[in-house]
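Residue strings, one per chain:
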Amino acid sequence: MTVVLERTAPRTAPIPKAAALGIALAALATVVWSGSFVTSRALAGSVPPVQQAFWRWLVALAVVAPFGARQAWRQRAAVRRHLGFVLLASLLGVTGYNTLVNQAGSTTPAANMGMIMAASPVLMAVFERASGVRLGGRRIAGLLVASAGVVLLIGGGAGGARFAAGDLWMVAAACCFGSYSGLLRRKPAELGGTAFLFTTFLFGTALLLPAQGVSLAVQGGFEPAPGTVLPILYVGVASSALAFFAWNRAVALVGPSRAGVVYHLQPVCVALLSWAVLGEATGVAQMLCMGLILGGVVLGAAGRR
């Protein structure tokens, strides 16, 4: 049943219950991922970016293995047939995306990271439209309104936000995530959701091994302590295993562009978390722009018209 939805949901309007579930799962993933930007920023001075990513995905792999390893083994023939697709998804969604986010966190405020990542749904919509899916006027309008809020938020330097060198890393991360989400629509039907999640985590972690070795040799390891281990456990369990499962399922139910509109909530969540946890300033202008983003999310998450 899950496989059928993944192939047909983008072509037909989902039933209300499925649409509501998809929107809720996209929102869950977005909120949980918001915390990962804060942890990347908090770990910037203690854990090198590559090592953050490697241990994150190793933890995520251990969490998903009891549920996905057996299914992946049963579907190993399908994995071999679609190895190129699985490797590309692993590279974009696992190896590349979070490593770039962690690299950005060394120089960029968490609020900036969330703002820039909010641009990735535009790329998701481009991929879906290129695949022949009609997005609908309301969804396009919601995407434009939310994007305008993001542009104003960054362009006006609201809340003291300013571009830093790491913002370029975040642009690259946004492109990786947008491409990964667009790729999900083409996931082969014979690959089950849990098997796909496990294999992408496995290959993505394996692709990080060379960079992990270089980081250990050049930068050395980090000291295990509550301030380093607990954030890594959070991003490994919640931001990786839970959030990626929720996001993949959301895209299967409502399509990448509609889930992407909900993803615009991320700069709001990141700004609030960074203010509460890291003490990063949030000004009046920033809050007004966030209101514009929320309005776009509400508009775009509604049914296609």
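Anything mentioned here points back to the structure above.
Every value quoted in this text rests on a predicted model; they were computed, and no experiment measured them.

*Asks:* Requested: an account of the overall build of the protein chain, with residues and values cited.
*Replies:* A tally of helices and strands in the protein chain yields 14 helices and zero strands. Secondary structure elements of the protein chain occur, N-terminal to C-terminal, as α-α-α-α-α-α-α-α-α-α-α-α-α-α. A buried classification covers 54% of the 305 residues belonging to the protein chain. Taking all contacts inside the protein chain whose residues are at least 6 apart in sequence as the whole, residues at least 24 apart take part in 92%.

*Asks:* So what's going on with a nonpolar patch on the surface? Which residues, and what values?
*Replies:* Where nonpolar side chains cluster on the molecular surface, the patch consists of L83, L87, L88, L91 and L207 and spans about 380 Å² of accessible area. Mapped onto the fold, L87 is located in helix α5 (residues 83-105). In this structure L87 comes out as partly exposed when scored by relative accessible area, which is 33%.

*Asks:* Go over the nonpolar core with me, naming the residues and quoting the values.
*Replies:* Residues Y97, M117, M170, F177, F201 and W247 are the most contacted members of the largest nonpolar core, which totals 62 residues. Per element, the largest residue contribution to this core is 10 residues, and it comes from helix α11 (residues 226-254). Excluding its chain neighbours within four sequence positions, the residues that come into contact with F177 are W33, Y97, M117, S120, M124, W247 and Y263. One finds L43, V47, V59 and I232 within the second-largest nonpolar core, a separate group that totals five residues.

*Asks:* Explain the environment of A110 to me, using residue names and the numbers behind them.
*Replies:* Mapping A110 onto the fold places it in helix α6 (residues 110-117). Classification of A110 as buried rests on a relative accessible area of 0%. Separated by 74 residues in the primary sequence, A110 and S36 place their C-alpha atoms 9.4 Å from one another.

*Asks:* Any details on the packing of aromatic side chains? Residues and values, ideally.
*Replies:* Following the criterion strictly, the structure yields 12 aromatic pairs and no others. On the basis of an interplanar angle of 80° and a centroid distance of 5.4 Å, the ring pair of F54 and W55 is categorised as edge-to-face. Between the aromatic rings of F201 and F244, the centroid separation amounts to 6.1 Å while the plane-to-plane angle is 80°, which identifies the pairing as edge-to-face. Separated by 43 residues along the polypeptide, F201 in helix α10 (residues 193-219) and F244 in helix α11 bring together distant segments of the chain. Both residues of the pair, F201 and F244, belong to the buried class. The residue whose ring lies beneath R76 is W73, and the NZ or CZ to ring-centre distance is 4.1 Å.

*Asks:* Lay out the packing of α6 against helix α9 (residues 166-184) with the relevant residues and their values.
*Replies:* Two quantities define a packed helix pair, namely the angle between the helix axes and the distance between the axes. Closest axis-to-axis distance for the α6/α9 pair is 9 Å, and the angle between their directions is 40°. The way α6 lies across α9 gives a crossing that is right-handed. The residues of α9 that touch α6, namely those facing N112, M113, I116 and M117, are D167, M170, V171, A173, A174 and F177.

*Asks:* Provide a residue-level description of the environment of C175, including the pertinent values.
*Replies:* Note that C175 resides in helix α9. For C175 and S120, which are 55 residues apart along the polypeptide, the C-alpha to C-alpha distance reads 6.2 Å.

*Asks:* How would you summarise the environment of A42 if you had to cite specific residues and measurements?
*Replies:* Counting through the fold element by element, A42 comes out in helix α2 (residues 16-42). With 232 residues separating them along the chain, A42 and S274 place their C-alpha atoms 9.6 Å apart.

*Asks:* Let's hear about the pattern of salt bridges: which residues, and what values?
*Replies:* The full count for this structure, using the stated rule, is one salt bridge. Residue E190 is joined to R81 by a salt bridge in which the shortest nitrogen-to-oxygen separation is 2.5 Å. Taken together, the residues E190 in the loop between α9 and α10 and R81 in helix α4 (residues 76-81) connect sequence positions 109 residues apart. For E190, a relative accessible area of 35% corresponds to the partly exposed category.

Reading the values: rules and limits
Residues numbered from 1 in each chain as written. Predicted model: local features only at pLDDT ≥ 70, side-chain atom pairs only at ≥ 80, totals over all residues. Heavy atoms only, no water. Helix = DSSP H or I, 4+ residues; strand = E, 2+ residues; numbered from the N terminus. Buried < 20%, exposed > 50% of the residue type's maximum accessible area, 1.4 Å probe, protein only. Contact = heavy atoms within 4.5 Å. Patch = residues over 30% accessible without salt bridge, like charges linked within 9 Å, V, L, I, M, F, W, Y side chains within 5 Å. Areas by Shrake-Rupley, 256 points an atom, 1.4 Å probe, with all protein chains shown as cover. Salt bridge = Lys/Arg side-chain N within 4 Å of Asp/Glu carboxyl O. Core = buried A, V, L, I, M, F, W, Y, C linked by side-chain atoms within 4.5 Å. Phe/Tyr/Trp six-rings, centres within 6.5 Å; stacked < 30°, edge-to-face > 60°. Lys NZ or Arg CZ within 6 Å of the ring centre and 35° of its normal. Axes fitted to C-alpha atoms, helices over the stretch in contact; angles between N-to-C directions. Left-handed = near helix turned anticlockwise from the far one by under 90°.

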